[in-house]
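# Analysis of the macromolecular model
Spelled out, the chains give:
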Amino acid sequence: MEAQASVEEPLDLIRLSLDERVFVKCRGDRELRGRLHAYDQHLNMVLSEVEEIHFAKDESGKEPRQVRRGIEMIFVRGDSVILVSPPLRSA
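## Concerning the sheet that holds strand S5 (residues 81-85)
- Judged by pairing direction, the sheet is antiparallel, and its five strands sit side by side in the order S4-S3-S2-S1-S5 without closing on themselves. The open sheet has two edge strands, strand S4 (64-76) and S5, and neither has a second partner. Across the sheet, the mean angle separating the axes of adjacent strands is 25 degrees when strand polarity is ignored.
- Examined bridge by bridge, strand S3 (residues 45-57) and S4 share twelve bridges and lie antiparallel to one another. Looking across to S4, one finds that Met45 is bridged to Val76.

This is how it looks when you write it as structure tokens:
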């Protein structure tokens, strides 16, 4: 209940997720899961221990396939961010 009371602006939710694992959906059919180290008002972010999932079409162009890779640390430019999901919090 205390965490919900301290969210007054959208970026407060991101602030509460510092040093936590977050899910970030980006343009270009990319998804990132990693530990949030820093962010700014443009939603530029620094993530570590990142798993990137990229959805690429195969040669036939019909079925998209998942391409996964691990990245130690990454800077994400805010204009590529579509969605940021904080970690689940127990009630």
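Next comes the rest of the account.
## Section: the pairing of strand S2 (residues 30-39)
- Bridging between strand S1 (residues 21-26) and S2 involves six bridges; their strand directions are antiparallel. Among the inter-strand pairings, Phe23 is bridged to a residue of S2, identified as Arg33.
- Between S1 and S2, which pair antiparallel in sequence order, lie three residues; one of them, Gly28, sits at a positive phi of approximately 80 degrees.
- Here S2 runs beside S3; their pairing, made up of eight bridges, is antiparallel.

What counts and what doesn't
- Residues numbered from 1 in each chain as written.
- Predicted model: local features only at pLDDT ≥ 70, side-chain atom pairs only at ≥ 80, totals over all residues.
- Heavy atoms only, no water.
- Pairing = 2+ DSSP bridges.
- Helix = DSSP H or I, 4+ residues; strand = E, 2+ residues; numbered from the N terminus.
- Axes fitted to C-alpha atoms, helices over the stretch in contact; angles between N-to-C directions.

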